Amino acid sequence: MVAINKARLLATFLELVQIDSPAGQEAEVAAYCRQALEGAGCEISAESDREVPGSNTGNVIALLPAFPEGSQHKDTKPLYFSAHMDSVEPCLGIKPHIDEGVIYSDGTTVLGGDDKVGLAAIIEMIRCLAEMRQSGSPHPEVRVLFTVQEETGLFGAKALDQSQFDEAQGALCYVLDAAGKPGLIVNGAPCQHSYQAVFTGVAAHAGIAPEKGASAIHVAAQAVAALKQGRLDEQSTSNVGTIKGGTANNVVAAECVVTGELRSQSKKQLMVWRDYIEKTINSVAMSKTNEAGAVKVSIEWEVNYEEFFAPEDSPQVELALRAAQSLGIEARAERGNGGADTNVLASYGLAAVSLGSGMDRVHSTEECLAVADLENLARLALGIVQESLT
């Protein structure tokens, strides 16, 4: 039984976080990951050479063949492991340091553990499998998906060539990108739809002839005030995120744009709330008329990602729970309420769940990561591969 190399794992993580990689600028991290994976015996897919729109590189897609060669039955599906290469800003010039077993930045940037903890753990797992080969220990085929632009809209995952998953429908997939201690399996997440409501009024001089105008801002504000926000029901949430409009204080605003989002663990319930939002906004707009006429509104929706759910007795959850328990890691499965590459990969037909990765205070300059959690995440990834053979 090969164990993780703790010193090597920590060095990999510290090297990764010091490589600048804001969304769209992941090329250096991608090169580092490709070199590490190739050095451990992985085959890099040609798709990795195709730049994702908006980024200066492509996703890194790699395959570690089963060992011994040809040992995996043709009907046996590979195991997938995924993480993303971009970091939220401020993430330039990260200077990590360790204090009493916890890794921090210097306080001027994020740490970048989201999601370089996932990258480091998967690279260490692959290196351990390469060492298992040398000792004659078998392992199944493992495929790696390192994506770009996850933080700005899951764009790397959405840009993947879906045909590569045609023969891997139902393959187990673990995305190492969830807050929470290793051992947490996020087995469900909501769908998210966002909307843009454009209110169009009539411009007029606000001091000389305000009655000749119809304020788009005034109607938009009343529509926002009429909308239920926050937690709508046990499965659904809604939020208005931005309001922009007007040109000057002395001009009745001719346009105002409102954007918001809607999430639900139930697609059916989400559609009910979509209908509610549209009817509420339209009703408010239609009721506000004056001599200049009514403020008109148009609403456009975008599907950001779809929901996924895997019950505790599903193969992907059961394997992760079993692997964690065999390693003495406290394990549990629960739904989350955020989106991740997991949502996209599940929509491609993979049996995907997210794994708690030890991230703490993410998306802030107070972000930190316990070294023990980094180690446990790598142990769990390796344990999942090993446990899949039993």
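First, a word on what this report is: a plain description of the structure on this page. (Residues numbered from 1 in each chain as written. Predicted model: local features only at pLDDT ≥ 70, side-chain atom pairs only at ≥ 80, totals over all residues. Heavy atoms only, no water.)

Read from one edge of the open sheet, five strands run β10-β11-β12-β9-β15, paired in antiparallel fashion. Of all the strands in the sheet, just β10 (230–231) and β15 (296–305) have a single pairing partner and so form its edges. Bridge count for β10 against strand β11 (residues 236–245) is two bridges, and the pairing is antiparallel. Bridging from a neighbouring strand, R231 pairs with T237 of β11. Of the strands in this sheet, β9 (191–200), β11 and β12 (255–264) are in contact with helix α5 (residues 216–226), which crosses β12 at around 20 degrees. The sheet contacts of helix α6 (residues 267–287) involve β9, β11, β12 and β15, and relative to β9 the element is tilted by about 10 degrees. (Pairing = 2+ DSSP bridges. Helix = DSSP H or I, 4+ residues; strand = E, 2+ residues; numbered from the N terminus. Contact = heavy atoms within 4.5 Å. Axes fitted to C-alpha atoms, helices over the stretch in contact; angles between N-to-C directions.)

Here F67 and P68 are connected by a cis peptide whose omega angle stands at -5 degrees. In this structure, P68 sits in the loop between β2 (60–64) and β3 (79–84). Residue D115 follows D114 across a cis peptide bond; omega there is 15 degrees. By the secondary structure assignment, D115 is in helix α3 (residues 113–134). With a phi angle near 50 degrees, Q149 is a residue other than glycine that sits in the positive phi range. Residue position: Q149 is located in the loop between β6 (142–147) and α4 (155–158).

A word on the packing of aromatic side chains. Summed over all chains, the structure comprises five aromatic pairs. On the basis of an interplanar angle of 50 degrees and a centroid distance of 5.0 Å, the ring pair of Y195 and W301 is categorised as tilted. Taken together, the positions of Y195 in strand β9 and W301 in strand β15 put the pair 106 residues apart, joining distant regions of the chain. For the residue pair Y195 and W301, the accessibility class agrees, reading buried in each case. An aromatic cluster is built from Y80, F165 and Y348, whose rings are joined through pairwise contacts. Above the face of the Y276 ring, K228 is positioned so that its terminal group lies 5.8 Å from the ring centre. Note that R335 overlies the ring of F309, its terminal NZ or CZ placed 4.0 Å from the centroid. (Phe/Tyr/Trp six-rings, centres within 6.5 Å; stacked < 30°, edge-to-face > 60°. Buried < 20%, exposed > 50% of the residue type's maximum accessible area, 1.4 Å probe, protein only. Lys NZ or Arg CZ within 6 Å of the ring centre and 35° of its normal.)

As a further point, take the sheet that holds strand β5 (residues 102–104). An order of β4-β5-β19 is seen for the three strands of this open sheet, with the pairing classed as antiparallel. For this open sheet the edge positions go to β4 (97–99) and β19 (368–370), each flanked by a neighbour on one side alone. Each strand axis lies, on average, 30 degrees off the axis of its neighbour in the sheet, ignoring direction. Bridge count between β4 and β5: three bridges; the pairing is antiparallel. By the bridge assignment, D99 is partnered in β5 with V102. Strands in contact with helix α1 (residues 6–17) are β4, β5 and β19; relative to β5, the strand with the most contacts, it is inclined by about 15 degrees. In this fold helix α9 (residues 371–387) packs onto β4, β5 and β19, with an angle of close to 65 degrees to the strand it touches most, β19.

It is worth spelling out the pairing of β11 at this point. In sequence, β10 turns back onto β11 through a hairpin of four residues. In terms of strand pairing, β11 meets β12 through nine bridges, oriented antiparallel. Its bridge partner being in β12, K244 is matched across the sheet by V257.

Here we take up the pattern of salt bridges. Following the criterion strictly, the structure yields 14 salt bridges and no others. A salt bridge links K6 to E375, with the nearest nitrogen and oxygen atoms 4.0 Å apart. Remark: E375 occurs in helix α9 and K6 occurs in helix α1; sequence separation between them is 369 residues. Residues D373 and K181 are paired through a salt bridge, measuring 2.9 Å at the closest nitrogen-oxygen approach. Here the residue D373 occupies a position in helix α9, and K181 occupies one in the loop between β7 (172–179) and β8 (184–189), the gap between them amounting to 192 residues. Of the residues examined, K181 reaches a relative accessible area of 51% and is grouped as exposed. Several salt bridges converge on common partners, so that one network encompasses R8, E124 and E131. (Salt bridge = Lys/Arg side-chain N within 4 Å of Asp/Glu carboxyl O.)

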